[in-house]
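# Understanding the architecture of this molecule
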Amino acid sequence: MRFEGTQDYVATDDLKVAVNAAVLLRRPLLVKGEPGTGKTVLAQEIAQALDAPLIEWNVKSTTKAHQGLYEYDAVARLRDGQLGDPRVHDISNYIRKGKLWEAFTSPRLPVLLIDEIDKADEAFESLLLELLADYQVTLPEIGTIAAAGPPPLVFLTSNNTREVSDALKRRCLHLYIPFPDAALEAQIIRARVPEIPAALRGELVAFVQALRETDLRKLPAISETIDWARTLLLLHVDALDADWVRETLNVILKFQDDIERVEPQLPALMPRAAGGR
């Protein structure tokens, strides 16, 4: 199994090396980068390319480590016991499998995506380290859960809101996805929005590249460029001008203060867009 990118996902050489090394070595791959650079989509495309089931766990700041394994509904069991329900004698009736348990017991080799690991706390990482070391864990209610077959292909993403622990870093292979350069960004837009005219594609890519050189609260990522290309296509825009840019800035800039900062700079930025034709 080798990942070479897909029709919708343009893979650079370093990305392909990292992904294929993780698959070959069965090591988790920690994928870092700014939001919107394609980290989550990468795992989804790998699952599709390898014809593997995707098990996706979206981590939040309130997520607890054990939720990835299971959740035990003690209240429901107590209630059923008071009502004389015979199901109370089998604890499995009150245990809901989490995403990690699903991955361990999947009949087919799955791709496990643990998305935004940097939102988790240290206790979360400690349990995750135990799981990634042995691909098994012992639960007080039901005993030991181990991978039914080969361990899942594990991909962790991080937006760098905090540093993950050194121990977790040592356990993983690493990939950083930066903002694309102009040539790669144009290639991605051609793959994701093939209907857009070549001249307009060049203009919008050049404009976004120029925006990333300005002092903004949040720089536009490739996901914003794709959304902008689709928006301009729907609006039947043939060529980029200051009016169209002003009317659609909210597609590529997520904060009002960034929009207000860029608008006065449009006379200086538009020649950069024209140079992308």
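Just above, that's the structure.
As a starting point, this report considers the structure included with it. (Residues numbered from 1 in each chain as written. Predicted model: local features only at pLDDT ≥ 70, side-chain atom pairs only at ≥ 80, totals over all residues. Heavy atoms only, no water.)

## Focus on helix H9 (residues 222-234)
Side chains three or four residues apart in an α-helix point the same way, a direct result of the helix having 3.6 residues per turn. Under the convention used in this document: Strands are runs of DSSP state E lasting at least two residues, helices are runs of H or I lasting at least four, and both sets are numbered from the N terminus onward. Here a helix's expected span is defined as the number of its residues, less one, multiplied by 1.5 Å. When accessible area is computed with a 1.4 Å probe and restricted to protein chains, residues below 20% of their type maximum are described as buried, those above 50% as exposed, and intermediate ones as partly exposed. By definition, residues are in contact when any of their heavy atoms lie within 4.5 Å.
With 13 residues, H9 should cover 18 Å at 1.5 Å per step; its first-to-last C-alpha distance of 18 Å lies within 8% of that length. Residues Ile222, Glu224, Thr225, Ile226, Trp228, Ala229 and Leu232 constitute the buried set of H9. Buried positions along H9 lie against helix H7 (182-192), helix H8 (198-211) and helix H10 (242-252).

## Some details on unusual backbone geometry
Look at aspartate 51: it is not a glycine, yet its phi comes out positive at around 55 degrees. Assignment of secondary structure puts aspartate 51 in the loop between helix H2 (39-49) and strand S2 (54-58). Among the residues examined, aspartate 51 registers a relative accessible area of 60% and is labelled exposed.

## So, the pattern of salt bridges
Worth spelling out the cut-off: By definition here, a salt bridge exists when the distance from a side-chain nitrogen of Lys or Arg to a carboxyl oxygen of Asp or Glu is within 4 Å.
Enumeration according to the criterion identifies 15 salt bridges in this entry. Between aspartate 13 and lysine 16 there is a salt bridge whose closest N-O contact spans 3.7 Å. Pair noted here: aspartate 13 and lysine 16 are both in helix H1 (residues 13-25), with a separation of three residues, about one helical turn. Of the residues examined, lysine 16 reaches a relative accessible area of 19% and is grouped as buried.

## Some details on empty space enclosed by the protein
Rolled over the atoms, a probe with the dimensions of a water molecule shows which regions are left empty. For clarity, the cut-off: The way it works is a 1 Å grid over only the protein atoms, where trapped points that fit a 1.4 Å probe form a cavity and open points with protein on both sides within 12 Å along at least five of seven lines form a pocket, and then any residue with an atom within 4 Å of a point lines it. Grid points are joined across faces, edges and corners, and a volume is the space filled by probe spheres set on the points. In this classification, Asp, Glu, Lys and Arg are treated as charged, Ala, Val, Leu, Ile, Met, Phe, Trp, Tyr, Cys and Pro as nonpolar, and every other residue, Gly included, as polar.
Using the criterion set out here, one finds one cavity of 30 Å³ or more in the structure. Estimates place the volume of the largest cavity at around 40 Å³. Lining the largest cavity we find Leu100, Phe104, Leu112, Ile114, Leu128, Leu131, Leu132 and Tyr135. Looking at the lining of the largest cavity, the elements that each hand over two or more residues are helix H4 (99-105), strand S5 (111-115) and helix H5 (122-134). Residue contributions to the lining of the largest cavity peak at three residues, all from H5. In terms of residue class, the lining of the largest cavity is made up of eight nonpolar, no polar and no charged.

## Digging into the layout of surface pockets
A volume near 560 Å³ is recorded for the largest pocket. In terms of lining, the largest pocket is formed by 32 residues, of which the most central are Tyr9, Thr37, Gly38, Lys39 and Ile222. Elements supplying a minimum of two residues to the lining of the largest pocket: H1, H2, strand S9 (173-177), H7 and H9. Considering only residue class, the lining of the largest pocket consists of 15 nonpolar, eight polar and nine charged.

## Overview of the sheet that holds strand S1 (residues 29-33)
Going by this rule: At least two bridges found by DSSP between two strands are what make those strands a pair. Note on geometry: axes are C-alpha line fits, over the in-contact stretch for helices, and angles between N-to-C directions span 0 to 180 degrees.
Taken in spatial order, the five strands of this open sheet run S2-S5-S8-S1-S9, and their pairing is parallel. Only two strands of the sheet have a single partner each, and these edge strands are S2 and S9. The sheet shows a mean angle of 20 degrees between the axes of neighbouring strands, taken without regard to direction. Across the sheet, H2 touches S1, S2, S5, strand S8 (153-158) and S9, and the angle it forms with S5 is around 170 degrees.

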